[in-house]
Amino acid sequence: MSDASSPRRGLVTRLADFFDDRTGYRALVHEALYERVPGGARWRYVWGSTLVFAFMTQVITGLVLWSSYSASAQTAWESVYYIQHEMTGGWLVRGLHHVMAQAMVVLLALHLMQVVIDGAYRAPREVNFWLGLILMKLVLGMALTGYLLPWDQKGYWATRVATNLAGLVPLVGPSLQQLVVGGPDYGHHTLTRFFALHAGFLPGTLIAFLAIHLALFRKHGLCAKQPQTKPDSMFWPDQVLKDVVAMLAVLAVVMGVILLPAVRAMLEGRPVVPGELGAELGAPADPSQPYAAARPEWYFLFLFQFLKVFEGWGADGEFLGAIVVPGAVLGMMFLMPFLGRWKLGHRFNVLFTLAILVGAGLLTAMALREDYAAAWSDKEAFADVEQLIEETENDPEKIAAALGNDTARIAEFRERVHQLDAIRRSEAFFAAVEQAEVDAHRAIELAGRPERIPPGGALELIRTDPLSQGPLLFAQHCGSCHAHVDPAAPEAAEAVAVSSAANLYGFGSAAWARGLLDPNQVVSPAYFGNTAHAEGDMVSYVTDDMTDADTWTAEQIEAVAVALAADAAVFSDEPLDAAVVEQGRALMADEDRCGSCHHAGENETDLGAAPDLVGWGSREWLIGIISDPNHERFYPDTNDRMPSFGVAEEGGVAPLSSEQIALLANWLRGEWYRGE
Amino acid sequence: MAETSPVPPAADARRSFLAKLMAVVGGGIASLTPVAAGVWMTLDPLRRKSSAAAFLPITDIASVPDDGVPRQFPVIADRTDAWTGFAAEPIGAVYLRREADSDTVEAFSATCPHAGCFIELDKRDRCFRCPCHNSSFTLDGGIVSPSPSPRTMDTLECEVHDGRVRVKWENFYSGIAEKVARP
Ligand code: FES
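Calculation rules
Residues numbered from 1 in each chain as written. Chains lettered and ligands numbered in written order. Predicted model: local features only at pLDDT ≥ 70, side-chain atom pairs only at ≥ 80, totals over all residues. Heavy atoms only, no water. Helix = DSSP H or I, 4+ residues; strand = E, 2+ residues; numbered from the N terminus. Rg over C-alpha atoms; globule rule 2.2 N^0.38 Å. Contact = heavy atoms within 4.5 Å. Areas by Shrake-Rupley, 256 points an atom, 1.4 Å probe, with all protein chains shown as cover. Lys, Arg positive; Asp, Glu negative; His and termini not counted. Charge placed at Lys NZ, Arg CZ, Asp CG, Glu CD. Buried < 20%, exposed > 50% of the residue type's maximum accessible area, 1.4 Å probe, protein only. Domains from an automatic or database assignment. Pairing = 2+ DSSP bridges. Salt bridge = Lys/Arg side-chain N within 4 Å of Asp/Glu carboxyl O. Phe/Tyr/Trp six-rings, centres within 6.5 Å; stacked < 30°, edge-to-face > 60°. Lys NZ or Arg CZ within 6 Å of the ring centre and 35° of its normal.

**Student:** Can you explain the overall build of chain B? Please cite residues and give values.
**Tutor:** Within chain B, the regular secondary structure consists of one helix and 11 strands. For chain B, the N- to C-terminal ordering of α and β elements is α-β-β-β-β-β-β-β-β-β-β-β. At 29 Å, chain B has a C-alpha radius of gyration far larger than the 16 Å of a compact globule built from 183 residues. Its C-alpha atoms give chain B principal-axis dimensions of about 100 × 40 × 35 Å. Across chain B, every contact between residues at least 6 apart in sequence was considered, and the portion connecting residues at least 24 apart equals 48%. Carbon and sulfur atoms form 60% of the exposed surface of chain B, whose accessible area is close to 10,200 Å². Looking at chain B, you have 20 positive and 23 negative side-chain charges, and the mean spots of the two groups are 8 Å apart.

In structure tokens, the structure reads:
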């Protein structure tokens with residue numbers, strides 16, 4: 001060492017000396033970097049370092065995300081939305097955190113595999129191997145808890161299933177579940193607890209165990225791969241360089257996953273929306289709106305699929321699949337260091353680990369295959385099965401009779417029903433995924449409105465959004481009779497044919513009104529064909545009187561359609577000519593024409609014979625007819641089958657609330673928030 | 001660094017034992033107090049009861065089709081989530097079913113007894129299906145084997161008064177063979 005008082009030395013050196021004297025850091029750094037690597041640096045030693053790198057990335061991105069995240073049922077989704085779609089760089093930090101978590105699971109598997117194959121779990125490294133297993137559990141625990149935090153439909157429903165499984169643990173299960181969930185139901189405290197686990201307890205424990213893991217690793221030194229073909233080298237810089245290259249490779253893959261959609265968009269000439277890169281965000285969690293495509297993250301899919309293996313075992317199967325077998329596998333891994341003392345035991349360990357990884361891979365493939373079966377199966381081949389089920393209403397006895405009570409044929413039929421079921425389930429999965437995408441997109445669009453998200457949270461936005469609620473309400477209350485399908489759509493013909501009341505798609509538009517006044521269409525199922533009105537005065541007027549070119553010219557009929565649309569004033573891009581509207585209004589009010597039955601304009605026709613044309617199709621008019629079609633303004637005497645949705649029976653509740661009716665009316669009229 | 005001082009003289013055995021004992025006990029009290037307080041608070045959720053388990057009005061009997069095909073109805077009730085109170089929120093769903101010309105209504109919870117997903121009605125095949133792990137149930141809630149579900153669909157107590165249907169809404173533990181209501 002040079003003389004401490006030498007004036008020639010620079011300030012930096014003197015400062016460094018000052019700290020070294022008091023801390024001895026130079027020796028520490030030296031020890032950290034100048035570790036001997038027996039047999040020279042190798043690529044196979046990089047996995048541990050990449051894991052440390054991945055974990056550091058998670059800590060850094062996690063802390064930044066934490067600084068913008070708010071864990072509660074009304075703010076979790078909302079704050080994640082804000083991070084992902086509005087904050088500068090939010091998509092990148094969240095994307096890194098999300099994709100690196102998945103990379104970490106893959107790296108864990110590789111690290112484990114390498115340690116087992118190299119026999120690095122044998123004496124004296126047993127304890128470090130166990131620490132590794134614990135670290136693995138902690139990482140998986142963080143993955144599991146992190147999935148819930150955005151509080152979107154996907155995470156919410158998948159985690160619900162996972163925590164229900166916690167209830168299966170003998171004796172303490174139900175209490176355990178209640179503790180994890182933070183109460184009897186999912187809510188604020190589920191989030192706060194999961195967040196505390198995810199960002200506090202689990203990483204804190206992990207850091208402690210990781211420190212011991214690394215210290216022990218240094219104590220025992222690297223478990224060198226035999227035979228050593230090269231001379232020993234030093235950790236710095238040979239192995240460090242290899243580690244750094246591996247880290248960069250991991251980072252490149254992660255960035256690639258995040259940025260690939262952007263590259264694709266650019267190549268296709270679409271604009272790049274940063275909010276759509278990285279991690280996706282589903283629609284906000286809705287406890288009353290099930291999500292049929294709820295699946296765990298891909299690296300937990302094998303566990304999800306494993307539960308299905310025990311199908312038919314009842315409660316025992318569940319217990320076996322979710323608790324006993326995974327527990328036994330983990331227990332087995334803890335015993336590996338003892339088995340590994342024998343050569344045969346080591347071989348067994350390697351095979352066992354491989355079998356677990358291959359098994360998990362197979363189960364994952366099975367899960368994916370089931371979900372995506374419809375993509376490569378030919379459903380047409382099962383048309384006869386579908387038909388027989390329909391004809392017999394799926395009554396086993398009738399089916400047996402139809403198959404001539406032949407056991408072989410019945411068995412074959414059952415098998416094919418099974419296959420058909422699989423295809424249908426897969427179709428349902430596709431539909432649910434597609435719907436989830438639509439819902440997510442809509443939620444994000446609504447959240448981005450200039451009015452922002454109300455204090456009640458994004459769910460409130462969705463529950464008051466006609467575009468989101470309309471289809472659900474319609475399907476539940478109107479869809480058993482009415483169709484609502486674009487006539488130009490390929491499935492329109494079939495949907496309309498099976499409906500028993502008018503197709504309400506585009507109701508109130510000029511196009512819809514033209515169809516009503518078209519003699520061919522008015523008798524079709526798209527209008528009155530499948531209703532009692534098929535025999536009514538309106539249909540005969542349109543098919544007889546209005547086809548007589550002396551009383552009704554084509555131009556006059558068009559004017560009436562346009563005037564109807566003008567009164568309805570639904571959302572439509574078709575410009576309406578004011579002069580034509582006036583002409584049509586006059587024709588409608590004319591007591592020798594429409595006005596002979598309909599109250600319209602200023603005419604004196606009484607209400608009751610036919611629906612009121614004043615304000616026809618307007619919001620107020622629609623609310624009126626949905627609430628009470630028997631009202632004198634609509635069909636007091638000739639209502640076919642339509643229930644009064646807004647009228648409560650004595651002491652009862654109306655089938656639909658006034659808010660729901662308004663939502664339906666707005667939806668039918670195309671009145672909802674439209675982003676740019 | 002100061003020069004290393006010589007090893008202190010060994011204390012006598014009795015005093016040393018007392019010192020050790022007191023250090024362990026004192027240290028234990030000091031460190032375990034916050035742990036105990038923390039555990040106490042962490043166990044709070046065990047005291048919370050679900051707000052449900054009451055008879056709730058669902059619908060009018062006329063709305064339940066009398067052809068043996070169940071229909072889904074939302075269960076609306078006030079709900080609290082820790083500090084937040086929700087008025088009249090959908091808290092779940094039931095399937096109501098009525099045979100032809102019958103005035104008795106059967107009620108099933110739409111929550112799957114397997115792991116709590118939401119059971120859907122397949123009108124075409126006249127059965128219930130759960131989209132999560134493929135449990136199927138007959139229209140009267142029975143198991144279609146093989147099934148991951150350990151039990152039939154959960155029936156709910158249901159009463160009809162003056163044409164109004166009310167259901168006792170309860171949640172049950174999932175994944176076990178017996179139907180046990182959550183407190
Ligand atoms: S939750 Fe319904 S089958 Fe698993």
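Picking up after the structure, the text goes on.
**Student:** Break down the environment of A:Y121 for me, citing the residues and quoting the values.
**Tutor:** Residue and element names in this part refer to chain A. For Y121, the location among the structural elements is in the loop between helix 5 (90–117) and helix 6 (126–148). Relative accessible area serves as the criterion here: at 0%, Y121 is assigned to the buried category. Y121 sits 539 residues away from Q660 along the chain, and the two C-alpha atoms are 64 Å apart. The residues touching Y121, leaving out its near neighbours within four places in the chain, are V115, V116, E126, F129, M336, P337, G340, H346 and N349.

**Student:** Account for the domain arrangement of chain B, with residues named and values stated.
**Tutor:** Taken domain by domain, chain B consists of domain 1 (7–48) and domain 2 (54–169). Centre-to-centre separation of domain 1 of chain B and domain 2 of chain B, based on C-alpha positions: 54 Å.

**Student:** Explain the domain arrangement of chain A to me, using residue names and the numbers behind them.
**Tutor:** Segmentation of chain A into domains returns domain 1 (1–32), domain 2 (34–280), domain 3 (379–461) and domain 4 (477–668). Just the C-alpha atoms count here: the centres of domain 1 of chain A and domain 3 of chain A sit 73 Å apart.

**Student:** How would you summarise the sheet that holds strand 2 (residues 71–81) of chain B if you had to cite specific residues and measurements?
**Tutor:** Residue and element names in this part refer to chain B. Spatially, 2-3-4-9 is the arrangement adopted by the four strands of the open sheet, whose pairing is antiparallel. Here the strands that pair on one side only, and so sit at the sheet edges, are strand 2 and strand 9 (155–156). Bridge analysis of strand 3 (residues 84–97) against strand 4 (residues 106–109) gives four bridges, and the strand direction is antiparallel. Across the sheet, residue L96 finds its bridge partner in strand 4, namely A107.

**Student:** Residues and numbers for the pattern of salt bridges, please.
**Tutor:** Going through the model one piece at a time under the given rule, you end up with 37 salt bridges over all chains. Note that A:E35 and A:R218 form a salt bridge whose closest N and O atoms lie 3.9 Å from each other. Remark: A:R218 occurs in helix 9 (residues 188–220) and A:E35 occurs in the loop between helix 2 (25–33) and strand 1 (36–37); sequence separation between them is 183 residues. Given the relative accessible area of 16%, A:E35 is considered buried. What makes A:R218 partly exposed here is its relative accessible area of 28%. A salt bridge links A:R270 to A:E268; the nearest nitrogen and oxygen atoms lie 2.9 Å apart. A relative accessible area of 44% places A:R270 in the partly exposed class. It is possible to trace a salt-bridge network through shared partners that takes in A:D286, A:R463, B:R79 and B:E89.

**Student:** Break down the packing of aromatic side chains for me, with residues and values.
**Tutor:** Residues and elements named next belong to chain A. Tallying each qualifying case throughout the model produces 28 aromatic pairs over all chains. Ring centres of Y156 and W157 lie 5.4 Å apart, and the angle between their planes is 75 degrees; on these two criteria the pair is classed as edge-to-face. The exposure classification of Y156 matches that of W157, with both residues buried. Taking the centre distance of 5.5 Å and the plane angle of 80 degrees together, the rings of Y372 and F429 count as edge-to-face. Here Y372, found in the loop between helix 13 (343–371) and helix 14 (383–392), pairs with F429, found in helix 16 (residues 407–447); they are 57 residues apart in sequence, far enough to count as distant. Chaining the aromatic ring pairs together yields one cluster made of F507, W512, Y527, W616, W621 and F634. The side chain of R160 reaches across the aromatic face of Y186, ending 5.7 Å from its centre.

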